[in-house]
Amino acid sequence: MGTFKIEGGHRLSGEITPQGAKNEALQILCAVLLTPEEVTITNIPDIIDINKLIALLKDLGVKVAKTGKGSYTFKADDINLDYLQSDDFKRDGRGLRGSIMLVGPLLARFGKGYIPKPGGDKIGRRRLDTHFEGFINLGAKFRYNKEEYFYGVEADKLKGTYMLLDEASVTGTANIVMAAVLAEGETTIYNAACEPYLQQLCKMLNRMGAKISGVGSNMLIIEGVAALGGTEHRMLPDMIEIGSWIGLAAMTRSELTIKDVSWDDLGQIPTVFQKLGIRLERRGDDIYIPAHKDGYEIQNYIDGSIMTIADAPWPGMTPDLLSIILVMATQARGEVVIHQKMFESRLFFVDKLLDMGAKIILCDPHRATVIGHDFKSTLKATTMTSPDIRAGVSLLIAALSAKGTSTIHNIEQIDRGYENIDERLRAIGAKIERV
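Cut-off values and rules
- Residues numbered from 1 in each chain as written.
- Predicted model: local features only at pLDDT ≥ 70, side-chain atom pairs only at ≥ 80, totals over all residues.
- Heavy atoms only, no water.
- Core = buried A, V, L, I, M, F, W, Y, C linked by side-chain atoms within 4.5 Å.
- Buried < 20%, exposed > 50% of the residue type's maximum accessible area, 1.4 Å probe, protein only.
- Contact = heavy atoms within 4.5 Å.
- Helix = DSSP H or I, 4+ residues; strand = E, 2+ residues; numbered from the N terminus.
- 1 Å grid on protein atoms, 1.4 Å probe; cavity = no way out; pocket = protein on both sides within 12 Å on 5 of 7 lines; lining within 4 Å.
- Points joined across faces, edges and corners; volume = space filled by probe spheres on them.
- Nonpolar A, V, L, I, M, F, W, Y, C, P; charged D, E, K, R; others polar.
- Axes fitted to C-alpha atoms, helices over the stretch in contact; angles between N-to-C directions.
- Parallel < 35°, antiparallel > 145°, perpendicular 65-115°, else oblique.
- Pairing = 2+ DSSP bridges.
- Polar contact = N/O pair within 3.5 Å; in protein donor to acceptor, adjacent residues only side chain to side chain.
- Disulfide = S-S within 2.5 Å.
- Expected span 1.5 Å × (residues − 1).
- Salt bridge = Lys/Arg side-chain N within 4 Å of Asp/Glu carboxyl O.

Observations regarding the nonpolar core
- Counting 78 residues, the largest nonpolar core has Phe273, Ile278, Ile287, Leu326, Leu353 and Leu425 as its most contacted members.
- Dropping the residues within four chain positions of it, leucine 353 is found in contact with Leu326, Val327, Ala358, Ile360, Leu395 and Ala398.
- Grouped together as the second largest cluster of nonpolar side chains are 73 residues, Ala31, Val177, Leu205 and Ala210 included.

If you want it as structure tokens, here you go:
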């Protein structure tokens, strides 16, 4: 189990460039299975979860070639479907949440898709019903082996249909879209997710020959086609990492420039940070954050009541940044309620912040009230363990602002989502060591 040692209390400065988007990569990489032709993808992040998925694709028979930093070609012209029933697949697929999105393209192109019950972050229940109900609506037969926790769907030919999703699941929508593009006839998906990463997938599929309309809305209309061709695609920058660096700049009162953020794809993220009192300046496609030497003040609602920051499906606030916002609020002027609606365990890292001296009331598994210190009392260094990717980075940011040297164990969780994070932080002045 890896460990970070962090000497906190130092001001940072300089520029940092976000990696390619992890959540987009998980969708885009699975989509290469939809065609036997070559697909080139660039700006792929070099992180554990993405590398695991690339390894799974190789084991399935996809020809993978690395052509440069973050750049790969994929050719799925000789897929080994027997691998889907192997013990190796049942073991390796279980270790990656994103492996569920292999099912849609396999079902569409080969008439069958199997997956072990995926693992991933310990952030609460994330059900798969939306995925499989969508496949069943398209005409697939579903089966589940309770002894092995193994899911399967099979169909001679998928048929387009109308469906109203029970939740606007991003991965569920992506999976159903990838199945529907090769289905016979027209498919309408209402209450579809419309996150920028899902839009990226749809745009890529259209370049491959798919016929998807309504991209960016919650109603997608897909006219099935007989086959898809190759294409080139570049990942967006990771919006969660961008938000993380905004939080880092605020907590350490540092002057930072975040490069090439694809500002127009950030939605409400800049606005929410501004509500917390963070001053952001748009410089071309960069975000400039001045040193907040006098701190930052959380806004109240217009009637003077305490603000609530809550997650919601896009274009609402992404749940992946609420832990960053919670940490930032510990040093703000004012109070805020953090309402994590979508996952019931994502606030359970606040006990570590309490150990560091933060003032937080955990109201229930979904809500926490934070009373800011206004930097009048700094957080204190401590030893902690990263419970998941986002909480781990939030604790890292807290440690970088704290007085003294902190230790964070289980940093493999952080490495699953952030590329060479210690090297990149050292480049802007952080005192962090991997041991």
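Considerations on the environment of threonine 383
- You can see threonine 383 is positioned in strand 21 (residues 383–385).
- Residue class for threonine 383 comes out exposed when judged on its relative accessible area of 51%.
- Taking the C-alpha atoms as reference, threonine 383 lies 10.0 Å from phenylalanine 4; in sequence the two are 379 residues apart.
- Not counting chain neighbours up to four residues away, the residues in contact with threonine 383 comprise Thr407 and His409.

Details of empty space enclosed by the protein
- Under the criterion given, the structure shown has 1 cavity of 30 Å³ or more.
- The calculated volume of the largest cavity comes to roughly 40 Å³.
- Pro196, Tyr197, Leu236, Pro237, Met239, Val261, Ser262, Asp265 and Leu266 are the residues that line the largest cavity.
- Here the residues of the lining of the largest cavity sort into 7 nonpolar, 1 polar and 1 charged.

As for unusual backbone geometry
- In this structure, the amide linkage connecting tryptophan 314 to the following residue, proline 315, adopts the cis form with an omega of 15 degrees.
- By the secondary structure assignment, proline 315 is in the loop between strand 17 (307–310) and helix 10 (322–329).
- Phi is positive for asparagine 191, which is not a glycine, with a value near 65 degrees.
- Residue placement: asparagine 191 occurs in the loop between strand 10 (186–190) and helix 7 (196–207).

Here's the deal with the packing of helix 1 (residues 22–31) against helix 2 (residues 48–60)
- Two elements in contact, helix 1 and helix 2, have axes separated by 10 Å at closest approach and are oriented at 5 degrees. In terms of orientation, helix 1 lies roughly parallel with respect to helix 2. Together, Lys22, Ala25, Leu26, Leu29 and Cys30 of helix 1 and Asp49, Ile50, Leu53, Ile54 and Leu57 of helix 2 make up the contact between the two elements.
- Looking at the contact of helix 1 with helix 2, its residues break down into 8 nonpolar, no polar and 2 charged.

Quick look at the pairing of strand 7 (residues 141–145)
- When strand 7 meets strand 8 (residues 150–154), the two strands line up antiparallel, connected through 5 bridges. The residue bridging asparagine 145 from the neighbouring strand is phenylalanine 150, located in strand 8.

A closer look at the environment of aspartate 303
- Checked against the element boundaries, aspartate 303 lands in the loop between strand 16 (286–289) and strand 17.
- Between the C-alpha atom of aspartate 303 and that of glutamine 85, which follows or precedes it by 218 residues, the distance is 60 Å.
- At a separation of 2.6 Å, a polar atom in the side chain of aspartate 303 contacts the side chain of serine 305.

Remarks on the state of the cysteines
- By the definition in use, this model includes 0 disulfides.
- Left without a disulfide partner, cysteine 194 is nearest to the cysteine sulfur of cysteine 202, which lies 10 Å away.

Details of the sheet that holds strand 7
- Strand order across the open sheet formed by 3 strands is 6-8-7, with antiparallel pairing between neighbours. Strand pairing shows two members of the sheet lacking a second neighbour, strand 6 (112–116) and strand 7, which therefore form its edges. Ignoring which end each strand starts from, the neighbouring axes of this sheet average 15 degrees apart.
- Sheet strands touched by helix 3 (residues 87–94): strand 6 and strand 8. Its angle to strand 6, the strand with the most contacts, is close to 65 degrees.
- In the packing of helix 4 (residues 103–110) onto the sheet, the strands contacted are strand 6 and strand 8, and the crossing angle to strand 6 comes to about 155 degrees.

Structural notes on helix 12 (residues 389–401)
- Taking 1.5 Å per residue as the helical rise, helix 12 with its 13 residues ought to reach 18 Å, and the 19 Å between its terminal C-alpha atoms agrees with that figure.
- Most of helix 12 sits inside the fold, with 13 of its 13 residues counted as buried.

Regarding the pattern of salt bridges
- Across all of its chains, the model carries 22 salt bridges by this definition.
- For arginine 91, the salt bridge identified is with aspartate 92, shortest N-O distance 3.0 Å.
- A relative accessible area of 29% means that aspartate 92 is categorised as partly exposed.
- The residue aspartate 286 makes a salt bridge to lysine 259 at a minimum N-O spacing of 2.8 Å. Of this pair, aspartate 286 sits in strand 16 while lysine 259 sits in the loop between strand 14 (255–258) and helix 9 (269–275); the two residues are 27 residues apart in sequence, bridging distant segments of the chain.
- Residue lysine 259 is classed as partly exposed on the basis of its relative accessible area, which comes to 21%.
- What you see here is one network of salt bridges that share partners, running through Glu297, Arg333, Asp374 and Lys376.

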